[in-house]
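This is what each chain is made of:
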Amino acid sequence: MRSPWLSKLSLIFSPRPPRNWLLLCLIGVIVVVALLGSSSSSAFDSVSPTPRPDIYTNYRRIKEQAASDYLELRSLSSEATSTREFSFCGKDTENYVPCYNVSGNLLVGLKDGEEFDRHCEVLQEQLHCLVRPPKDYKIPLKWPAGKDVIWSGNVKISKDQFLSSGSMTKRLMLLEENQISFHSEDGLIYDGVKDYSHQIAEMIGLGSDAEFYQAGVRTVLDIGCGFGSFGAHLLSLKLMVVCIAAYEVTGSQVQLALERGLPAIIGNFISRQLPYPSLSFSMVHCAQCGIFWEKKDGMLLIEVDRVLKPGGYFVLTSPATEPHGNSLRTKRKSMLKPIEELTEKLCWSLLAQQDDSFIWQKTVDAYCYTSGKKSNRPLCKEGQDAQSYYQTLVPCISGTTSKRWTPVQNRSSGFLLSPAELEVHGVQPNDFYEDFENWKSVVRNYWSLLTPLIFSDHPKRPGDEDPLPPYNMIRNVMDMNAHYGGLNAAFLEGKQSVWVMNVVPLGVRNTLPLILDQGFAGVLHNWCDPFPTYPRTYDMLHANGLLSHLISEGCSIMNLFLEMDRILRPEGWVIVGDKLGPIEKARSLATQIRWEARVIDLQNGSDQRLLVCQKPFLRK
């Protein structure tokens, strides 16, 4: 006699199951799919859909709308499943930086140091795959702890490389198991960063480094920044310090600084101008940066002069090793003599010398370059330095006829420029201030939208109570189409503890001088090319109107999104604003690169949409 269970099994697996059983199976499949879909949804899906009003006055309502938008996204699931997802790149690309291929550059005949420079024109083929994180990669610690402690597996630097770095570096850093800890702020180091910063302040006539900001030192270009400890200290004093260092296959300074959440970008002084306009920084700092400034007939110092504001400072710290007494003085004199001759021709004055540090100050007198008293360098032709985007180094003096020729000591105290300063940039005050007020509202709403997700040790597991800033997962933001820098200003106004890399794309109005004069970090960039940074270096990417611009320029949106995925950290965020057509295309691409994506209709009567994405933490 057959058992009841066997009877049931024979009924289930019989060649022709009853019609009611098929119906029951169909209902069960639908229920399972629904349950799986609800459990896999992120925090955007945790609210129930509500009727859409005609106008949204606050982005808090977006959280309510997001669920219904997600239902719309699911209706396109058949299209999504037919779209090919991009595969992972090989392990050898974990730290891949496009446009820096020394061997490839040598093959095409580049030499004399130019093979180490950035050459996107030599790029043979863009990778159409996803750069995956290293095996031991971990999500960075929340801010501000992440500034002082990083996971060693997140950067390409070995223990031997770390221990073989300079003696000061070993005093400022400590390797503990799988972490690198930075101890420059503990006050225990006699000759550490705090004392060094205080020494520089005294050398330029200040009582302490706390007076840098009031003295007009707002933006600092730190060349060859090591591991960023000097920049981290100046950032704590409310200065904007941008580290710039050459591309390195191993042990990258830029990668490590960005992992700490500090501003940094790949660049060098070899053959091309930096992607900054003239008169950009109030201080240029070089401590053992490995550059021979007297080479190329002073062309490298001319580039420093180009980016330095009138009255700005060039700080050079280059310790002389071992010699003592007269031999030490002889070494310093022989090292400094060619530099002193060149700086005199640049109308710089040696302001102070102490131990191994030297500080020159750029003249505030633009007529010095034409009076014949000191300078014998020709002036650049009008407009020659208007678009300084990796142009060949020039032997002429820039910026002397610019309306922006204003001594650093005369800068306004706040980040918002005065109407008179805006007039220098050709910007209408009403337009500027209206843009700022708009971004204040937008940033409040962005923060409201993301707060349940970012204020935690892990974005997927928010705590019972969300801690207030600065304890959050977002430390740096790249604004890929910065315009006036309004997003940056709104973050400052809202006291959000993040810094912004303001990118001004080529082909739009060059507002980078305006952004830099506000004391922000910024750079020119052609988004048809990759960005000069290492993988996984930004917590959030923001782009408003960029897609429409790039489509008009004939750039590949697919290549753009692959590049965004490369430079975005796992579990990082993307916010893209644009018209409906580009946003729909972007949403499809976001699906291909495995981002979780939501399209939000602002319901303001326009065809503008907001695409909000999160990059998952995926391993192959």
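See above for the structure.
Treat the numbers as computed from the prediction; the structure is a model and nothing was measured.

To continue, consider helix H12 (residues 299–307). By the criterion of burial, H12 is predominantly enclosed, with nine of the nine residues buried. For H12, the set of buried residues is Met299, Leu300, Leu301, Ile302, Glu303, Val304, Asp305, Arg306 and Val307.

Under the counting rule described, the total for this entry stands at seven disulfides. The disulfide bridge from Cys99 ends at Cys120, spanning 2.1 Å between sulfur atoms. Residues Cys99 and Cys120 are joined by a disulfide whose S-S torsion is about 105 degrees; by sign, that bridge is right-handed. Of this pair, Cys99 sits in the loop between helix H4 (77–82) and helix H5 (102–107) while Cys120 sits in the loop between H5 and helix H6 (145–148); the two residues are 21 residues apart in sequence, bridging distant segments of the chain. We note that Cys99, like Cys120, is buried. The disulfide partner of Cys528 is Cys555, and the gap between their sulfur atoms is 1.7 Å. You can see Cys528 sitting in the loop between strand E13 (521–525) and strand E14 (538–544) and its partner Cys555 sitting in the loop between helix H19 (546–553) and helix H20 (557–567), a full 27 residues away along the chain. By relative accessible area, Cys528 is classed as partly exposed at 36%.

Charged atoms that come close allow side chains of opposite charge to pair. A complete count under the given rule lists 16 salt bridges for this structure. When the shortest N-O distance is used, the salt bridge between Glu259 and Arg569 registers 3.2 Å. With Glu259 in helix H11 (residues 253–259) and Arg569 in strand E15 (residues 568–579), this residue pair connects regions lying 310 residues apart in the sequence. Like Glu259, the residue Arg569 is buried in the burial classification. Between Asp297 and Arg377 there is a salt bridge whose closest N-O contact spans 3.6 Å. Here Arg377 lies in the loop between helix H14 (368–371) and helix H15 (419–424) and Asp297 lies in the loop between strand E7 (281–287) and H12, a separation of 80 residues in the sequence. In the salt-bridge network here, residues are joined through shared partners; they are Glu259, Arg475, Asp539 and Arg569.

Now for the nonpolar core. With 93 residues, the main nonpolar core has Tyr276, Trp293, Phe314 and Phe561 as its most contacted residues. Excluding its chain neighbours within four sequence positions, the residues that come into contact with Phe314 are Val284, Cys286, Trp293, Leu301, Val304, Leu308, Trp348, Phe358, Ile359 and Trp360.

On to the packing of H19 against helix H21 (residues 580–592), then. The axes of two packed helices give the description: the angle between them and the distance between them. Running from N to C, H19 and H21 point in directions that differ by 95 degrees, and their axes come no closer than 9 Å. Looking at the two axes, H19 sits roughly perpendicular to H21. Residues Leu547, Ser548 and Ile551 of H19 form the contact with H21, whose participating residues are Pro582, Ile583 and Ala586. Here the residues of the contact of H19 with H21 are counted per class, giving five nonpolar, one polar and no charged.

A word on the side chain of Asn502. For Asn502, the position within the fold is in strand E12 (residues 499–505). In terms of polar contacts, Asn502 uses its side chain to reach the backbone carbonyl oxygen of Ala521, at 2.8 Å. Apart from the residues within four sequence positions on either side, Asn502 is in contact with Asp479, Ala482, Gly485, Asn488, Leu512, Ile515, Phe520, Ala521, Gly522 and Val523.

This part is about the layout of surface pockets. Here the second largest pocket is characterised by a volume of approximately 830 Å³. Lining the second largest pocket are 26 residues, with Leu235, Lys238, Leu239, Leu492 and Val498 sitting closest to its centre. At the level of secondary structure, the elements contributing two or more residues to the lining of the second largest pocket comprise helix H10 (229–236), helix H17 (486–493) and E12. Looking at the lining of the second largest pocket residue by residue, the class counts come to 13 nonpolar, eight polar and five charged.

Our focus in this paragraph is the sheet that holds E14. One open sheet accounts for seven strands, arranged E13-E12-E11-E14-E15-E17-E16; its pairing is mixed. The open sheet has two edge strands with one neighbour each: E13 and strand E16 (596–601). Put simply, the sheet's adjacent strands are angled 15 degrees from each other on average, direction ignored. Pairing analysis gives six bridges linking E16 to strand E17 (residues 608–614), with the strands arranged antiparallel. Residue Ile600 lies in a different strand from E17, and its bridge partner there is Leu610.

Criteria and thresholds
- Residues numbered from 1 in each chain as written.
- Predicted model: local features only at pLDDT ≥ 70, side-chain atom pairs only at ≥ 80, totals over all residues.
- Heavy atoms only, no water.
- Buried < 20%, exposed > 50% of the residue type's maximum accessible area, 1.4 Å probe, protein only.
- Helix = DSSP H or I, 4+ residues; strand = E, 2+ residues; numbered from the N terminus.
- Disulfide = S-S within 2.5 Å.
- Salt bridge = Lys/Arg side-chain N within 4 Å of Asp/Glu carboxyl O.
- Core = buried A, V, L, I, M, F, W, Y, C linked by side-chain atoms within 4.5 Å.
- Contact = heavy atoms within 4.5 Å.
- Axes fitted to C-alpha atoms, helices over the stretch in contact; angles between N-to-C directions.
- Parallel < 35°, antiparallel > 145°, perpendicular 65-115°, else oblique.
- Nonpolar A, V, L, I, M, F, W, Y, C, P; charged D, E, K, R; others polar.
- Polar contact = N/O pair within 3.5 Å; in protein donor to acceptor, adjacent residues only side chain to side chain.
- 1 Å grid on protein atoms, 1.4 Å probe; cavity = no way out; pocket = protein on both sides within 12 Å on 5 of 7 lines; lining within 4 Å.
- Points joined across faces, edges and corners; volume = space filled by probe spheres on them.
- Pairing = 2+ DSSP bridges.

Function cannot be inferred from these measures alone, as they are strictly geometric.
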